[in-house]
Structure formats: structure tokens, C-alpha cells
Amino acid sequence: MTFGRVNPQFQLEDQGITGLGDVYYNLMEPALIEAALKNGEGKLGQGGAFLVTTGKFTGRSPKDKHVVKTADVADKIWWENNKAMSPEGFDALHADMLEHMKGKDYYVQDLVGGADPEHSINVRMVTELAWHNLFIRHLLRRPEREALDSFVSDFTVINCPSFSANPERHNCRSETVIAMNFEKKLILIGGTQYAGENKKSVFTLLNYLLPEKGIMPMHCSANHAIGNPVDTAIFFGLSGTGKTTLSADPSRTLIGDDEHGWSDRGTFNFEGGCYAKTIGLNPEAEPEIYATTSKFGTVIENMVYDEETFELDFEDSSLTQNMRCAYPLEYISNSSESALGGHPKNVILLTCDAYGVLPPIARLTPAQAMYHFLSGFTSKTPGTERGVVEPEPTFSTCFGAPFMPRRPEEYGNLLREKIAKHGATCWLVNTGWTGGAFGTGSRMPIKATRGLLTAALEGTLNEVEFRKDENFGFDVPVSVPGVETALLDPRQTWADQAAYDAQAAKLVGMFADNFEQYLPHIDDDVKAAAIG
Ligand SMILES: Nc1ncnc2c1ncn2[C@@H]1O[C@H](COP(=O)(O)OP(=O)(O)O)[C@@H](O)[C@H]1O
Ligand SMILES: C=C(OP(=O)(O)O)C(=O)O
Ligand SMILES: [Mn+2]
């Protein structure tokens, strides 16, 4: 049987997916929650939030992500960063997955990636779990109900957690698999329940498609001044660096928390919802995000709660440090309805420096911005990727290496052109450690980061005195009204300043070693901005 609303000419059978049990098309939140409850997938929490756990996989599994090496993409993919899968392996995987799906109920959402209709793609999400359907309905963008009657997808994602891949037969690494086939316009996910794989696979897809249209796809959050989209800011950052936290700013309008494009028309969110970390979520520091955790339909992933009162425990990370909540953009009160912004006036590179060496804010020249964008120095946050248990310093190019199918210079050059054309001011912001490295120092107070960002975005920061940093060559403010001056110079925050100097020298060396791979691909001005 089939239920719900769908284009009669574009049902699963029309895509060769046959023999399923019941198929539910485009259910809305109440019906999806009902289905998920009936299936025993989770529990209803306070305010009608939906509480789930995801078993073994509570973060992404980047080592199991593959791009299918078909002829048309072979010379476009950055293979050093993307694992190949053979077309034969993919075809076997596809056939075996369709066979495995037979007789089981499935949930389908027909959605859109990209808030700018000129650059959007239609994505059909076929999920075994009703709550995955709810999750992706929050995260992507919804067509009008009437448009569902003629919806045809550009790409289809099938997510089947109960399927186990066979490494030998499917040319993959383990029983868990994320396989992207750009030629067949199909993404297959198996063997993991972590919801983030759904949204990040669509992101990877757009990262592949958009550069060919001259659009810069970005792992960043975005907001604009209230009532003034011309004053847009974007915040690049790897997971856990503060994109979601810092973009939800009561004094600005939220455009989106994770993935955006920059076209000739300005910025646009790829998504229609947010996916926030809830570990240590504090109602004073982050009231808007906190409030979403007891709203109807918010998906709460891997959080411990009281069995009787269903009260969430924001401090208990026994299931994972990567506990999450997913909610539609409009659950944040000052969010943009259109999810569109102007050309960024400010470009912020968020880094979470576990060494405690980088200052809380520095102003970058365009060449320095390009250098740092390509370097992508930051830390992996515990839990977001499988196997990471404490902040792990890394160079993640474009502040999102796991999602970049193409070579970093392609993204770097696009960003550089746009920054130059629109005269954006660039900043590096360290939300990581201060007063010492991870283990001795402490995480930068959110209040201080917010204060510095407000000063940067409102323009007052450009009026203060700056010093040139000896190690990194960028401009660092000497004092900023409303922010504790001692925080601005990391060396002063360390009890042992010789230890700071040693750590800084080590980091400079790491930057230099990492950047060698980019030297053959970049212009002289970026070379001149290189560190070490
Ligand atoms: N100075 C800071 N700036 C931003 N986030 C901070 C800071 N200090 C601690 N945090 C915490 O770090 C985490 C940042 O996560 P999040 O905003 O979800 O990152 P992202 O969206 O980039 O993955 C949150 O748990 C937040 O409470
Ligand atoms: C959801 C993820 O990222 P972010 O923390 O950037 O939202 C992820 O990397 O799985
Ligand atoms: Mn985020």
C-alpha cells in the first residue's frame, strides 16, 4: 500500500524500487512521529520533541564514505581525499540493497537543497526509519504541498541502516557504507543510524555540483543584521567550532547554521533547519537553541533523559559527546524566512585551537584569508567522527575536508574571487583554548567570542589599535571595549610564557609542513602570506 502525497508519475516503482511493504510519501510531522512511535523507534519527550538513540554509530563514519569512480567524474574528484568505489561494486551494492529492502516499510520525503530557486536541486530521501524522514524534513527545504504532485528528483538518497555492506563484493571498507554516485544521481547509505550522514551527503553533493556554475559552496553558518541582508556575515568552521552557536545571535537574523552557497546573487542556505550540539547546552549562553529542545518534533539524538519526567540531561555524555538536536530554522525566533543573504561583508574563519596558541580574533588580509582557508587549521571535536575522543588538532582544508569532492584550490579560487569582488573583511576567530593547551587551559568563554564578533560585525573593531603578530603575521587587536584585555594576547594568558613560545613555534612548523602541498597551486600573494 502507498500513503501520502506524491507525483503519480514519479513513485518508487518508477525508480526501480519495487516489492516494498507500505510506502509513506511526504508525511508531515505529526504522522511521522506517530509512525516512529508505532515502530518503536524512539520516545516522545517534553513539548513533543522526539527522543532517539542511534546505537553503535553516534557520529559520522568518514572512512566509510566513497565516491564512485565513473568516467565522467574521474578527473574532477580529489581522490587523495575521497575513497573510490568501483562502478561494479556500486551496482552490486545497489542491487543488494534493493533486495534487502523488499517487504519492509519505507518513508519518502521529496525535498529541495538550496534556498535560491535558481540554484536549487530536488532531492528524494528514501528512509527505512520514520525518524530519519522527520530529521531530513527538518533539515532540508520543503516544496509547497501542491508542488509535490509534479515533483521529480534530481538526486535520490536511500538510507537503510539495517543493511550491512560486504566489503569484498561492494568494494568498500566495512559493513557501513556511504556511496555517492554522481553519474547515477544516487546516494546509498547503509549500516549506520547517525542522522548527520543524511544531511552531510547532500552537502557533499552540492559541493560537487555548484563550483561548475561559479557558485562557492561553503561549510559555514550565516546571519545578517536585522532588517539589513546587505550586512551579511558567514562563519566557516569544522564541526564543533561554533557555527551553530555563534550564528544564533539574538541581535542578528539567522540565515542558516551549516551549509551555504555564494552566488552572483548573494548567499543562500542549502538547508531549512539546524543540527545543534547539545552537550553542555546552557539556557543563559544559548537560550534560543536550548528552547528548541522542548519544541514539537525537534529530534533529540543520543541524549540521556529522566525516564519519568523526560527531562534532558545536558551534562551526561555517556552515549556520546556528539549528542544533537535537529529542528526547523523557524524554531529560532529571529531566523530569516527566505534563508537568503547578501554578499558577505564579513568572512569569519572559526578555528578551535586545542594548543591555545592562536588569539581569540585576528584580522586577515585577503591573501592571509586564502592561506588559512586552504590550511583549515582547527581541531576535530570529540564524537562528531567515529574514534575521536578528545580535541584532535588537524588541518581540514576549506574547514570541511570530509565533504569536499574537488581539489581545495577550486574552492579556494572561487572564494578568493568573491572576497575580492565584494570587498569582504576577513577574520580568524579562535573558539578553542586559552590560558594553555587542552588539558591545562580552558575553552574560550562564549561571551568573549560573541563580544569580539559583535565588535567586528558592527565595525567598532576596525577602530581599535592592532599589533602585528610575530608568529603568524596577522593583525591582532590590543584592546576591545567590553572584552577582557588579557584574553586578546594568548601568550599573556599562559602561566609559562616560554612554554607558549615553544608551542607557537611548533604550530608555525606544522602550518609550514602542511602548506607545502598547496605551493604548486597558488599565486605569489598567497605564498607571501604563508607562515613559517
Ligand atoms: N567560545 C566558544 N564559541 C563557540 N562555541 C563554544 C565556545 N566555547 C564553547 N563552545 C561550545 O562548542 C560547541 C560548538 O558547537 P557548534 O556551535 O554546534 O559547532 P558547529 O556548528 O561548528 O559544529 C558548543 O557545544 C558550544 O557550547
Ligand atoms: C553534523 C556535522 O557537522 P556540524 O557539527 O558542522 O554541524 C557532522 O560533521 O556530522
Ligand atoms: Mn553545527
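Bear in mind the structure is a predicted one, so any value in this text is a computation, not a measurement.

Caption draft 1: Spotlight on the overall build of the chain. Summing up its helical and strand segments, the chain has 14 helices and 32 strands in all. A compact globule built from 532 residues would reach a C-alpha radius of gyration of about 24 Å, and the chain, at 23 Å, matches this within 12%. Along the first, second and third principal axes, the C-alpha atoms of the chain reach 70 × 55 × 40 Å. A buried classification covers 61% of the 532 residues belonging to the chain. In the chain, the share of contacts with a sequence separation of at least 24, taken over all contacts with a separation of at least 6, comes to 72%.

Caption draft 2: The arrangement of the site of ligand 1 in detail. Neighbouring residues of ligand 1: 18 residues in total, closest Gly-240, Lys-243, Thr-244, Thr-245 and Met-444. In this structure, an oxygen atom belonging to ligand 1 sits 3.4 Å away from a main-chain N or O atom of Thr-241. One of the side-chain nitrogen or oxygen atoms of Glu-286 is found 3.0 Å away from an oxygen atom of ligand 1. For ligand 1, the accessible surface in isolation is 570 Å², of which the surrounding protein chains cover 91%. The pocket occupied by ligand 1, as judged from atoms lying within 2 Å of grid points, is the largest pocket. Those elements giving two or more residues to the shell around ligand 1 turn out to be helix H6 (243–247) and helix H10 (446–458).

Caption draft 3: The domain arrangement of the chain, seen in detail. Its domain assignment divides the chain into domain 1 (2–213), domain 2 (275–331) and domain 3 (343–529). Each of domain 2 and domain 3 has a C-alpha centre, and the two are 29 Å apart. Taken together, the contacts link 7 residues of domain 2 with 7 residues of domain 3. Buried surface at the junction of domain 2 and domain 3, both sides included, amounts to about 460 Å², of which 46% is carbon and sulfur. Applying the counting rule to domain 2 against domain 3 returns 0 salt bridges. At the junction of domain 2 with domain 3, the criterion picks out 2 residue pairs in polar contact (both at pLDDT 80 or more). Looking at side-chain class alone, the side of domain 2 that touches domain 3 contains 1 nonpolar, 3 polar and 3 charged residues.

Caption draft 4: Main features of the layout of surface pockets. Computed from the structure, the largest pocket encloses a volume of approximately 890 Å³. In this structure, the largest pocket is lined by 41 residues; those nearest its centre are Gly-240, Thr-245, Lys-277, Ile-279 and Arg-443. Broken down by secondary-structure element, the contributors of at least two residues to the lining of the largest pocket are helix H5 (196–209), H6, strand S18 (273–277), strand S26 (377–380) and H10. Broken down by element, the lining of the largest pocket gets its largest block of residues, 4 residues, from H6. When its residues are assigned to classes, the lining of the largest pocket shows 15 nonpolar, 15 polar and 11 charged. Of the voids in this model, the second largest pocket is the one considered here, and its volume is about 430 Å³. Breaking the lining of the second largest pocket down by element, the ones donating at least two residues are strand S7 (106–113) and helix H3 (130–139). Here the lining of the second largest pocket is built from residues that sort into 7 nonpolar, 6 polar and 8 charged.

Caption draft 5: View of the site of ligand 2. Residues in close proximity to ligand 2 include Arg-60, Tyr-194, Lys-200, His-219, Ser-239, Gly-240, Lys-243, Asp-258, Tyr-275, Arg-324, Thr-384 and Phe-403, which together make up its full environment. Ser-239 places a side-chain nitrogen or oxygen 2.6 Å from an oxygen atom of ligand 2. Burial of ligand 2 by the protein amounts to 98% of the accessible area it has alone, namely 290 Å². Among the detected pockets, ligand 2 sits in the largest pocket. Residues belonging to the shell around ligand 2 are distributed by class as follows: 3 nonpolar, 4 polar and 5 charged.

About the criteria used
- Residues numbered from 1 in each chain as written.
- Chains lettered and ligands numbered in written order.
- Predicted model: local features only at pLDDT ≥ 70, side-chain atom pairs only at ≥ 80, totals over all residues.
- Heavy atoms only, no water.
- Helix = DSSP H or I, 4+ residues; strand = E, 2+ residues; numbered from the N terminus.
- Rg over C-alpha atoms; globule rule 2.2 N^0.38 Å.
- Buried < 20%, exposed > 50% of the residue type's maximum accessible area, 1.4 Å probe, protein only.
- Contact = heavy atoms within 4.5 Å.
- Near = heavy atom within 4 Å.
- Polar contact = N/O pair within 3.5 Å; in protein donor to acceptor, adjacent residues only side chain to side chain.
- Areas by Shrake-Rupley, 256 points an atom, 1.4 Å probe, with all protein chains shown as cover.
- 1 Å grid on protein atoms, 1.4 Å probe; cavity = no way out; pocket = protein on both sides within 12 Å on 5 of 7 lines; lining within 4 Å.
- Sits in = over half its atoms within 2 Å of the grid points.
- Domains from an automatic or database assignment.
- Buried area = accessible area lost by both parts, 1.4 Å probe.
- Salt bridge = Lys/Arg side-chain N within 4 Å of Asp/Glu carboxyl O.
- Nonpolar A, V, L, I, M, F, W, Y, C, P; charged D, E, K, R; others polar.
- Points joined across faces, edges and corners; volume = space filled by probe spheres on them.

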